[in-house]
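# A structural walkthrough
Residues per chain, in single letters:
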Amino acid sequence: MIAATAILLQACKAELYSNLDEREANTMVATLLSNGISASRAVQKDGKLSVTVEKSQFAQAVNILSEAGLPKEQFASIGSVFKQEGLVASPVQERAQMIYALSEELSKTVSEIDGVLSARVHVVLPGNDPLQRNAAPASASVFIRHEPSLDINALIPQIKTLVANGIAGLTYEKVSVVPVAAPVSRLAPAPTELTPFLGIWVLDASMSRVIWIFGGLLAAILALAGALAYTLWRDRGRKTYQLEPISPNK
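Notes on the structure follow. A quick note: this is a predicted structure, and the numbers were derived from the prediction, not measured. (Residues numbered from 1 in each chain as written. Predicted model: local features only at pLDDT ≥ 70, side-chain atom pairs only at ≥ 80, totals over all residues. Heavy atoms only, no water.)

### Let's talk about the sheet that holds strand β3 (residues 49-54)
For clarity, the threshold we go by: Two strands are counted as paired when DSSP detects at least two bridges linking them. Runs of E in the DSSP output that reach at least two residues are strands. Runs of H or I that reach at least four are helices, and both are numbered from the N terminus. Axis lines are fitted to C-alpha atoms, over the contacting stretch for helices. Their N-to-C directions set the angle, which ranges from 0 to 180 degrees. Here, two residues are considered to be in contact whenever any of their heavy atoms come within 4.5 Å of each other.
Strands sit in the order β1-β3-β2 across an open sheet of 3 strands; the sheet is antiparallel. In the strand order of this sheet, the two ends are held by β1 (13-20) and β2 (39-43), each with one partner. Looking at each pair of strands side by side, their axes are set apart by 25° on average, direction ignored. In the packing of helix α2 (residues 22-34) onto the sheet, the strands contacted are β1, β2 and β3, and the crossing angle to β2 comes to about 160°. Taken strand by strand, helix α3 (residues 58-67) contacts β1 and β3, and its axis lies near 35° from that of β1.

### Things to note about the environment of V29
Along the chain, V29 falls in helix α2. A C-alpha to C-alpha distance of 6.3 Å links V29 and S40, two positions 11 residues apart in sequence. Once you skip the residues sitting within four places of it in the chain, V29 turns out to touch A39, S40, R41 and V51.

### Things to note about α2
The line we're drawing: Working rule for helices: expected span equals 1.5 Å times residues minus one. Partly exposed residues are those whose accessible area sits between 20% and 50% of the maximum for their type, while under 20% is buried and over 50% is exposed, using a 1.4 Å probe and protein chains only. Here the arc refers to the directions that run from the helix axis out to each C-beta atom.
In this model α2 runs 18 Å from its N-terminal to its C-terminal C-alpha over 13 residues, within 8% of the 18 Å that 1.5 Å per residue would give. All of the buried residues along α2 are E24, A25, M28, V29, T31 and L32. Taken down its axis, α2 places every buried residue within 160° of arc, on the same side. Exposed side of α2, more than 90 degrees from the buried face: E22 and R23 are the residues found there. Looking at the packing, one finds that the buried side of α2 touches β1, β2, β3 and α3.

### Details of the pattern of salt bridges
Condition: Just to be clear on terms, a salt bridge is a Lys or Arg side-chain nitrogen sitting within 4 Å of an Asp or Glu carboxyl oxygen.
Scanning all chains against the criterion turns up 1 salt bridge. In this structure, R120 engages E104 in a salt bridge whose closest nitrogen and oxygen atoms are separated by 3.2 Å. With a gap of 16 residues between them, R120 in strand β4 (residues 116-124) and E104 in helix α5 (residues 91-111) connect regions that are remote in the sequence. For E104, a relative accessible area of 4% gives the class buried.

### What about unusual backbone geometry?
For residues other than glycine, phi is negative in most cases, and the peptide bonds are mostly trans. Going from L70 to P71, the amide bond is cis rather than trans, its omega being -5°. Position of P71 relative to the elements: it lies in the loop between α3 and α4 (78-81). In this structure, N19 takes a positive phi of about 55° despite not being glycine.

### Digging into a nonpolar patch on the surface
Where we set the bar: Excluding any residue in a salt bridge, patches collect residues exceeding 30% relative accessible area, merging like charges within 9 Å and nonpolar Val, Leu, Ile, Met, Phe, Trp and Tyr side chains within 5 Å. A 1.4 Å probe and the Shrake-Rupley method give the accessible areas. Residues count as covered only by the protein chains that appear here.
Together, F143, V178 and V180 make up an exposed nonpolar region whose accessible area comes to about 220 Å². Along the polypeptide, F143 turns up in strand β5 (residues 139-146). Residue classification places F143 among the partly exposed positions, given a relative accessible area of 35%.

### Thoughts on the pairing of β2
Along a regular strand, successive side chains alternate from one face of the sheet to the other. One ladder, built from 5 bridges, connects β2 with β3; its direction is antiparallel. When the bridges of β3 are listed, A42 appears paired with S50. Once β2 ends, the chain turns through 5 residues before running back antiparallel as β3, passing G47 with a positive phi of about 95°.

Below is the structure:
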């Protein structure tokens, strides 16, 4: 009975995101649960995790995670950017790869700051002529999308220092930071409460559906039991009233 109920509940689920690591999957599930969305994790064959939600709450879940900056953007590492493939790269290509790799590494570092939902770092490294007297300086611009409650102004000097020290020839004054506060979620966080039901902890928001499914299963089982009892009673009555054949020798 409990297993059948669990199977029916799983059939009402829809996969939201897949190929997640444990930390990101936990963060996404926690975010959805805190906003009143019934969410759970599932382990894939390759060990990665996927997040599932009720089909009726799919669109709402996507919007909530998008506002929360989840899932986090995946950035390329210097090792993956400079992975040798084919012919030897030209100096121009190597320079472009270096700028891209620096941007990706710094973007990843800034995005890991608590309260930062997403971040992008754009690096400009002019190709100066060694014989030129007035060389153009390097510069960088940082775009940050953050939670409304984050005091980003207190972090801007630290972010500028981080970016300036991460690029050779870049000064603190040549780093600009553009912070943008994410809009406040239109869905107010709702308390997440679980209620035990036949040994299974169920969200209050899903309790009515669980009761409906359980009632349907119980009705089906009672109907099956009634049909089986009637069949046994009928067969037993036939055996009781069946006349024993008279032997010719008597």
